[in-house]
Amino acid sequence: MIRVNNRDEVEWEEGLTVSGLLERFRYTFPHIIVSINGEVVPREEYPTRVIPNGADVRVIHLIAGG
Amino acid sequence: MSEKTQTTRRVLAEYTYEPPPVERGYTGRTLYVNLSNNTIAAKPVTDVMKEKFIGGRGFGLWLLWHGVKDDTQWNDPENEIVISSGPIGGVTQYPGSGKSLVVAISPTTHSVMDSNVGGHFGPLLKFAGWDAIEIQGKAEEDVIVVIDGPGGRITIEEAPDVPVDTHLVGHWLIEQLAEKEEDRYFISSVSAGTGAENTLIGCLNFSFYDRRRKAPRFKQAGRGGIGTVFRDKHIKALVVRSGPVRGDSNHPADLQRIARVGAKLHKEIHDYDDEQNRMRKRGTPYLVQIMNDYDLLPVHNFKYGSHPDAVKINGDVWEARFTQGLPDGCWYGCTLSCSHAVDGYTVRTGPYKGQTVIVDGPEYETIAGCGANCGIFDPDAILEINFYCDTYGIDTISFGTLTAFVMECYEAGILDKEKTGGLELHFGNAEAAIELLHQMARGEGFGKIAGQGIRRMKQIFAERFGADPAFLQDIGMEAKGLEYSEYVTKESLAQQGGYGLTNKGPQHDEAWLIFMDMVSNLLPTFEDKAEALHYFPMWRTWFGLCGLCKLPWNDIVPPDNAYTDEPAKIPDHVQNYVELFSGVTGRKVTADDLITMSEAVYNFQRVFNLRLGFGRREHDAVPYRSVGPVTVEEYESRAERYDKQLQETLGLDPEKMTTEEKIAALRQYREEQYQKLIDAVYKRRGWTSDGVPKVETLKRLGIDFPEVVAVVKKYL
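Note that the structure is a prediction, hence the values are computed from the model and not measured.

A. Structural context of the sheet that holds strand 9 (residues 153-158) of chain B. Residue and element names in this part refer to chain B. Spatially, seven strands are ordered 1-9-8-13-10-11-12 in an open sheet, and the strand pairing comes out mixed. Both outer strands of the open sheet, strand 1 (11-16) and strand 12 (215-221), are each paired with one neighbouring strand and no more. Adjacent strand axes in the sheet meet at a mean angle of 15 degrees, parallel and antiparallel pairs treated alike. For strand 10 (residues 187-191) and strand 13 (residues 235-241), the ladder comprises five bridges, and the chain directions are antiparallel. Paired with Ile187 across the two strands is Arg241, which belongs to strand 13.

If you want it as structure tokens, here you go:
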């Protein structure tokens, strides 16, 4: 199990990458900051960075719009 | 310019002047025009104005406060329209530095309205010698007001031969007033249209001359019916001409300081815009797909947040329709250049059928409001509505939201063909929506009713058609009399407040907190939400004091923003604005000082609302559609989400409840949450539980002027 944004619990699966998680949540907004257990993940690593089981993942959406 | 105008129209009043130099972003005077007695005069900009009200919306509110009485109505002669840019307005080194702010008493809210707009008028007005223009009175016949900076002459002129609709008047003025090609670059007009005359939702169009297209283009001060006030005063156009705009026209205190932060931002835009929002190629329409993906795009009068056909009107579609490769900035030097246009559009209905025109936009709000919210997913229909709204001088946001309301009423059986004069206003009927727009502009048929706005329609539908007032209140997406702008807020309590706890009504330019709240879960407590509803409205108010556009703040983000302490605030860009303000005005400020500046003006505006009989807790109420599901179909479309909340938050068992019972239980809970939010926000803002700024708050902000304190004391 991993926890997203200190609220949503999702099933962990082997090899789940940051890109995979964003796709699962349909997080398409371009201004996103992702951290895993407090460490910010560089954008270029989203397709390859694997999320470990039990991770605390934050997907922070900056404000735009309006 | 003035000689030519003299020969064709009778001059009712004339004023000659020597334009003063702009010093550190200010000319030091404002222009007063009274159309009832044809007075034209200069007023000094006082130290208090510069210190406490800064410029732009602040100047507008200050001048309006002194121009009106406690009981002034929108169509009384003493109501004013004030237009001002601000000290940074006119800077060419930093993107987004050409905004104008307009204030007036609104025909839809009956209180103070402010609206921000691009185009060249505000900065050129400054470079023609004036920090603001304040228009009072009402002309007997239609007039234009011409401000000729280089000629040192201002005239009020009769204008029987001047067209009314904006795409005509904009071209006409350029042809009449520009003697040579270069004159066109530094002329800007403000106009409305026939729709502004015949509805209460009139907008103002601010022009800018597009050198590549060799035509005037227009940006809209849309909200709250100021265009209606404009036509009620019998103004066809305001026109300003300045001398050539130069990089130092603002005579800033430290040009190099400005140039440094400007160059940094230009580079960010160049390097990252293509991978971020693609503002240079598609502008705000990039938001359509994103809002749809997050269930935030209003569909069918805000019932739903997404639709499978949204793909037909998303950013890809508009990128293909917009002419690419042109510098589409609405002020000089804006490399974010998001003011795109569709060229060569052939109008297919109405009085201008067959004309080939430029359609400015559409922006996200127009696509979402006049498109998805009305169930219209046809780009050409959206363009047709966009073109006519602009040229008629009708606000696209109010038009979209009120048409969606009408369509829901039609589908609910409150309206039928007989009541609408034959218009089958089902969701998705673009032709009926376009005809409704033409009727509004002519002030005829059902369009005359619709053009009054949602608040009046609710009353009319209840009185004449026997509709249930409670249902109309639930689904009529207006607050304070202003139609909602185009975001679904049901799942974000903070944004319910972002719309409801505003000074002018539900417009997204105070706060947009949906992602922080609903998605990122960064505002879990009432105190967190209240802090955000303090900081962001104050931050965004500040742009309107200075003549700035919000977009370069956070629609482009530096790559290292992720590693800052408060990435949502874009700290690096906040510091840019500190540099910019100090660089122009010479005032040494910190980031906190910028917030305090806004707090003073924001609280002054709240007191202004009180003075006019509004601005209390009861006026911050919102329709339930903005908080939760009103109808059975609406609940059931997102049953999993709502059932989960009933189960996990309220400890109820949805299996044992009817949908109606579930709606009622959810409603009770969510409405209580909104009231708790109000309590927290008022406390954070230094207001009483009735929403009245405390005297100590006014003192802290230095706006405890006797007349201001006297207003709040009535409510303490």
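B. The arrangement of the environment of Tyr209 of chain B in detail. Residue and element names in this part refer to chain B. Note on placement: Tyr209 falls in strand 11 (residues 204-210). Those residues in contact with Tyr209, other than ones at most four positions away along the chain, are His120, Ile174, Glu181, Arg184, Tyr185, Lys214, Ala215 and Pro216. Reaching out from Tyr209, the side chain makes a polar contact with the backbone oxygen of Lys214 at a distance of 3.5 Å.

C. Expanded view of the domain arrangement of chain B. Residues and elements named next belong to chain B. Per the domain assignment, the segments of chain B are domain 1 (2-241), domain 2 (255-483) and domain 3 (494-713). The distance between the C-alpha centroids of domain 1 and domain 2 comes to 25 Å. The partner domain 2 presents 52 residues to the 51 residues of domain 1 that form the contact. Carbon and sulfur atoms supply 56% of the area buried between domain 1 and domain 2, which totals about 4,000 Å² over both sides. Broken down residue by residue, the surface that domain 1 buries against domain 2 is led by Ile201, Arg213 and Arg223, which jointly contribute 18%. The tally of links from domain 1 across to domain 2 stands at six salt bridges. Here Arg223 makes a salt bridge to Asp395, at a shortest N to O gap of 2.9 Å. Applying the counting criterion to the domain 1 and domain 2 interface returns 31 residue pairs in polar contact (both at pLDDT 80 or more). For the side of domain 1 that touches domain 2, the secondary-structure elements that each account for two or more residues are helix 4 (121-127), helix 5 (166-177), helix 7 (194-198), strand 11 and strand 12. No other element matches the five residues that strand 12 contributes to the side of domain 1 that touches domain 2. Here the residues of the side of domain 1 that touches domain 2 sort into 19 nonpolar, 24 polar and eight charged.

D. Representation of the interface of chain A and chain B. Contacts between the two partners involve 21 residues from chain A and, on the opposite side, 32 residues from chain B. Buried area between chain A and chain B, summed over both chains or domains, comes out near 2,300 Å², and the portion from carbon and sulfur atoms is 57%. Across the chain A-chain B interface, the total number found is eleven residue pairs in polar contact (both at pLDDT 80 or more). For the side of chain A that touches chain B, the secondary structure elements donating two or more residues are strand 3 (32-36) and strand 5 (56-61) of chain A. Looking at which element gives the most residues to the side of chain A that touches chain B, the answer is strand 5 of chain A, with three residues. Within the side of chain A that touches chain B, the residues separate by chemical class into twelve nonpolar, seven polar and two charged.

E. Focus on the packing of aromatic side chains. Residue and element names in this part refer to chain B. Tallied over the entire structure, the rule returns 50 aromatic pairs over all chains. Ring centres of Trp65 and Phe604 lie 4.9 Å apart, and the angle between their planes is 40 degrees; this geometry places the pair in the tilted category. Of the two residues, Trp65 is situated in helix 3 (residues 57-67) and Phe604 in helix 25 (residues 591-611); the sequence distance between them amounts to 539 residues. Like Trp65, the residue Phe604 is buried in the burial classification. On the numbers, 5.2 Å between centres and 70 degrees between planes, the contact of Trp65 with Phe608 is edge-to-face.

Conventions and cut-offs
- Residues numbered from 1 in each chain as written.
- Chains lettered and ligands numbered in written order.
- Predicted model: local features only at pLDDT ≥ 70, side-chain atom pairs only at ≥ 80, totals over all residues.
- Heavy atoms only, no water.
- Pairing = 2+ DSSP bridges.
- Helix = DSSP H or I, 4+ residues; strand = E, 2+ residues; numbered from the N terminus.
- Axes fitted to C-alpha atoms, helices over the stretch in contact; angles between N-to-C directions.
- Contact = heavy atoms within 4.5 Å.
- Polar contact = N/O pair within 3.5 Å; in protein donor to acceptor, adjacent residues only side chain to side chain.
- Domains from an automatic or database assignment.
- Buried area = accessible area lost by both parts, 1.4 Å probe.
- Salt bridge = Lys/Arg side-chain N within 4 Å of Asp/Glu carboxyl O.
- Nonpolar A, V, L, I, M, F, W, Y, C, P; charged D, E, K, R; others polar.
- Phe/Tyr/Trp six-rings, centres within 6.5 Å; stacked < 30°, edge-to-face > 60°.
- Buried < 20%, exposed > 50% of the residue type's maximum accessible area, 1.4 Å probe, protein only.

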